[in-house]
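A structural walkthrough
Residues per chain are reported as follows:
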Amino acid sequence: MPFRADRHVHILIIGGGAIGTSLAYHLARDGAKDVLLVEKAQLTHGCTWHAAGLVGQLRGKKNLTRLMQNSVAVFDRLQAETGQDISWKKVGSLRLAGSAARWSEIRRSMGQAKSFGVECHSLSAEEAAKHFPFIVRDGIEGAAFIPGDGYIDPYSLTMAYAKGARQNGARIEEGVRVEEIVVDNRRAVGVVTNGGTISCDILVNCAGLWAKRVGKMAGVPLAAGIVEHQYFVTEKKLTLDPGLTTLRDPDNNFYLKPDTGSFAIGGWEDGSKGCWRGEPPLDFGRELFAPNMERLELFALPVAERLPVLNEIGIQTVINGPIPVSYDGEPIMGLAPELDNFYVACGFTAGIAASGGAGLALSNMILHGDAGMDLWPFDVRRFGAVQAQGRYLEQRAIEAYGAYYKIHWPAEEAHAGRGLRLSPLHERLRSRGAVFGSKFGWERPNWFALPGSDAVELGSFEGKPGWFDAVGEEVRAIRERAAIIDQTSFSKFEISGRDALEAMNRIAANDLSGAPGKAVYTQLCNARGGIEADVTILHISDDLLYLVTGSGFGVRDGHWVRRHLPDGVSFRDVTNQFAVINICGPLSRQILQSVSDSDLSNAAHPFLAARWIEVGDARALAVRIGYVGELGYELYVPQEFAPHVYDTLVEASAPFQLADAGYRAIDACRMEKGYLYWSGDITPDYNPYEAGLGFAVALDKGDFIGREALAKIKAEGVKRKLCSFTIDGFAPLHGGEAIIADGMVVGSASSTGYGYTLGKTIAFGYLPTEIAARRDFVIEAFGKSYAATRGPRVLYDPKMERLKG
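To keep things clear, this report deals only with the structure shown in the data block. Everything numeric in this text was worked out from a predicted model, so none of it was measured. (Residues numbered from 1 in each chain as written. Predicted model: local features only at pLDDT ≥ 70, side-chain atom pairs only at ≥ 80, totals over all residues. Heavy atoms only, no water.)

**Considering the nonpolar core**
Within the largest apolar cluster, 52 residues are counted, with the highest numbers of intra-cluster contacts made by Ile-11, Ile-13, Val-204, Leu-362, Ile-366 and Leu-375. Of all the elements, helix H8 (residues 351-368) adds the most residues to this core, at eight residues. Contact partners of Ile-366, with chain neighbours within four places excluded, come to Ile-11, Leu-23, Leu-27, Ile-202, Val-204 and Tyr-343. Counting residues in each nonpolar core, the second largest holds 41 residues, with Val-38, Val-214, Tyr-327 and Val-344 among its members. (Core = buried A, V, L, I, M, F, W, Y, C linked by side-chain atoms within 4.5 Å. Buried < 20%, exposed > 50% of the residue type's maximum accessible area, 1.4 Å probe, protein only. Helix = DSSP H or I, 4+ residues; strand = E, 2+ residues; numbered from the N terminus. Contact = heavy atoms within 4.5 Å.)

Pasting the structure below:
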C-alpha cells in the first residue's frame with residue numbers, strides 16, 4: 001500500500017544540532033527549495049549544548065584538514081552574513097609536546113601542515129610560554145602554534161546556522177519527533193512523527209546521539225557509538241588576556257579553552273563508559289550524567305602540574321555528558337549503501353569544529369553529486385553491519401575515545417574487539433609466528449616474527465619500526481624464493497546473469513570482453529573520470545564474473561557496482577565463501593606444480609589467466625596475478641578446503657624454503673613495483689591518466705561510465721602526474737610530507753615505504769606536469785630535508801619480465 005503523508009517536502013533533515021542546522025543552511029544557501037529540518041526537542045538539545053567549542057584545523061589527512069579549513073571559512077563569514085553573534089574567537093591554538101616521541105608526532109603533523117597549506121609555527125618551551133603564560137615549561141620538548149584556530153560558542157553557532165537557513169527559505173520545526181521511517185523499494189519515502197506524517201524525496205540523518213537509532217528505523221546499520229565525556233569549568237577568579245590562545249597538552253591528556261575569568265578543561269581518559277550501546281531512548285533530552293570524579297582525576301591532576309594556578313582556584317562546574325564516537329573515532333558521512341536517498345552525517349566527536357565544512361560537503365553531495373573533496377576517511381561505506389554491532393562498537397568507541405590524545409604511532413593497530421573474524425588458516429599462522437593486524441574485523445597477518453628475534457609490533461616516527469628486519473626477510477623470500485600469504489580477507493563479489501559481462505563492461509574502464517578465463521585489472525570511474533574503485537575482475541564466463549577488492553573497500557565498491565547494475569543481473573557478496581592463498585615468488589610455479597596435476601606452464605596458464613585447478617586433494621580457482629610484482633598465483637579456495645591447500649603447499653615446499661609473509665611485506669613490494677593503493681595514491685579526486693593507469697582505460701570498447709570525460713582528459717593532456725621518488729637508504733617518511741622544488745612546495749607524498757630490494761626509501765606523489773620531468777627534489781620530514789630523485793614510474797621489473805616469465 002503506498003505511503004500517504006499529511007505533507008511532502010523535497011529534503012527532510014532529522015536533527016537540530018550544529019551538523020543538521022549547518023546542512024540546512026548550506027542547502028538553502030545553495031538554492032535548494034523545500035528543505036525542512038525537524039528536531040524532536042529544541043535546537044542544540046542533544047550534545048551540541050554542552051560541547052566545549054574548540055576549533056582545530058590540522059588533521060592527519062589532507063582532505064580532513066580541508067574540511068576543518070572550510071569550517072573556519074564559514075565561521076569567518078557567518079556572523080556578518082546572518083547578523084547572529086557566534087562568539088568566534090580566532091585566538092590560535094598551542095599544542096605542547098611533553099616527550100620526545102610526542103615532539104616527533106607533532107613535527108610530523110607540522111610537516112603535513114606545510115603541504116596542506118595550514119599556517120603552523122614550531123616553538124620552543126620559552127616561546128610557548130609567551131603564548132600561554134600560565135604553563136610550567138618543565139618537560140616541554142617543543143610546541144606547535146596554529147594561528148587560524150580558536151574557539152566558538154556552540155549554541156550561538158547553531159542559532160546562526162538556523163537563522164541563515166531560514167533567511168534562505170529553509171524551514172525548521174522543533175518538537176517534532178521521528179518515530180518511524182517508511183522504506184519502499186530502496187527508498188526512504190517518508191517518516192511518521194508525533195505530529196503526523198511527512199513524505200520526502202531525500203532524507204538526511206543528522207540525529208547526533210540518536211543517529212544509530214534513526215538509522216535502524218530505516219534498516220541502515222551505523223557504527224555510531226556514544227560514550228561519556230567530562231570537562232570542568234574553574235571558578236571565575238582569573239585575569240585573562242582576551243586574546244589568550246587555546247591549549248592542548250596531549251601528554252597530560254587535556255585541552256583548555258579560556259572563558260570569562262576561568263578555564264574550561266577536558267580530557268580523553270581511558271575507561272570511559274559506553275552509553276546505551278549507541279541507542280539512547282528518544283525521550284532523553286537536555287540532560288547530563290553525575291560527575292565521575294575518579295575518571296576526572298585522570299586528567300585533572302596532570303593539568304594542575306602543568307598549570308599550578310589551578311591549585312589556587314576551585315572547580316565551579318563539572319559537565320559529564322554523552323558524546324558521539326564512531327567505531328574508529330572519525331565522523332560518518334555520505335549516502336548509505338542500503339538505500340538510494342538516505343544520507344547520513346553523524347558520529348562527530350569534534351562536531352562543532354567540523355560543522356561548517358561537513359554541512360558544505362554533504363550539501364554539495366546531495367545537490368551536485370560531489371562533495372567537492374574525497375571524504376573516504378569519513379565515508380559511511382568504510383563500515384558495514386559488523387562494525388555497528390552493539391557490544392563490538394562500544395568496545396571500539398571507548399578505545400577510540402581514550403586514544404584521542406595518545407601518541408598515534410605509524411601503522412598502529414587497535415586493541416579492542418579483536419579476534420572477531422578469523423581466516424581458516426588463523427591458528428596455523430599464529431603457530432608460525434604471525435603478528436596480526438585488524439581490517440574490517442578480520443585478523444590478518446601483518447608480519448611474522450623470526451625465531452629468536454627481538455622484533456616487536458611497535459612503530460617509530462624517526463627510526464626503523466620494530467618489524468623492519470623481519471619484513472625485510474619476507475621481502476627477500478618473495479623476490480628470491482617463494483612466499484605464501486593469507487589474503488582471505490579480500491572482499492569478493494559474484495556478478496551473474498545473462499547480461500553480467502555487458503553490464504560490468506559499462507561500469508569498468510578496462511575491456512572485459514574476449515575469451516573467458518582471465519583476470520582484468522581495472523578502475524571504476526565516475527562521470528568526471530575520477531577513480532571510484534581500483535579492482536580486479538575475474539571473467540569466468542560471460543554470465544559469471546567475480547569482483548575482488550580490498551578488505552576495507554567492499555561496502556563502498558559493492559555499493560558503486562550494485563547501484564549501476566541493471567535489473568536481471570545478480571550481485572552477491574561471497575567474501576566468506578572463499579579463502580585466498582597467495583603463493584608468489586620465482587619458485588612458486590615449481591611448488592604449486594609439484595602438488596597439482598593441472599598444467600601450470602606459461603603456455604597453459606599465462607599471466608592473468610584464471611581457471612580451476614587441482615591442489616592436492618582439493619580444487620582452487622588459480623588466478624595468475626598479485627600485488628608484489630613476482631610470478632605468483634592467488635588461489636581462491638572454498639573455506640573448508642583452505643587448511644588442506646595451505647598444508648599441502650607447505651609440506652611440498654621444504655626443498656624451496658617457502659616463507660610465510662604478511663601485509664607489510666606486500667606493501668614494501670608494491671611500492672617497488674609502482675602498484676597503487678586506492679584511498680592513498682588514487683581517489684575520486686584523481687583520474688587514471690594522472691596516475692599512470694591509462695593502459696587500463698579502453699576508450700575504444702564502447703560506452704562506459706566516465707568515458708566522455710576520460711576521452712577529453714586524454715585529448716587535452718593532464719595537469720599533474722603521479723611520480724615515484726627515491727631517497728638513498730632509510731628515511732622516516734609516513735605520507736603527507738612536503739615535496740619541494742627550488743624552495744617551493746610542489747606536492748605532497750601519498751604512499752611511502754622502504755624498498756628492501758632497492759635499498760632506498762620510496763615515495764609516490766603528484767607533481768604539476770610542467771615539472772614532472774625534473775629529477776631532483778627535496779622531501780621534508782621532521783624538520784630535515786632529504787634529497788629525493790624522481791625516478792621511473794615503475795622502479796622494479798619495469799618490463800614485467802618476472803611477472804610474465
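Next, the rest of the story.
**With respect to the sheet that holds strand S32 (residues 720-728)**
In spatial order, the strands read S32-S35-S34-S33-S36-S37; together these six strands close into a barrel with antiparallel pairing. When the angles between neighbouring strand axes are averaged without regard to direction, this sheet yields 40°. Note: strand S36 (residues 776-781) against strand S37 (residues 784-791), six bridges, orientation antiparallel. Looking across to S37, one finds that Ile-779 is bridged to Tyr-786. Along the sheet, helix H16 (residues 663-673) contacts strand S34 (744-755) and strand S35 (760-768); its crossing angle with S34, the most-contacted strand, is approximately 130°. (Pairing = 2+ DSSP bridges. Axes fitted to C-alpha atoms, helices over the stretch in contact; angles between N-to-C directions.)

**Side note on the side chain of Thr-234**
Looking at where Thr-234 falls in the secondary structure, it is placed in strand S12 (residues 224-234). What makes Thr-234 buried here is its relative accessible area of 1%. In this view, Thr-234 contacts Ser-262, Phe-263, Leu-310, Ile-313, Gly-314, Ile-315 and Gln-316; residues no more than four positions away in its chain are not counted.

**Focus: the pairing of strand S13 (residues 246-249)**
Within a regular strand, the side chains alternate between the two sheet faces. Going residue by residue along S13, you find Thr-246 and Arg-248 tucked away on one face and Leu-247 and Asp-249 tucked away on the opposite face as well. With three bridges joining them, strand S4 (residues 93-97) and S13 adopt parallel strand pairing. Each bridged residue has a counterpart across the sheet, and for Ser-93 the counterpart in S13 is Thr-246. Here three bridges tie S13 to strand S14 (residues 254-259), and the two strands are oriented antiparallel to one another. Each bridged residue has a counterpart across the sheet, and for Asp-249 the counterpart in S14 is Phe-254. Taken together, S13 and the strand that follows it, S14, pair antiparallel across an intervening segment of four residues, in which Asn-253 is found at a positive phi of about 60°.

Coordinates in, geometry out; function isn't part of it.
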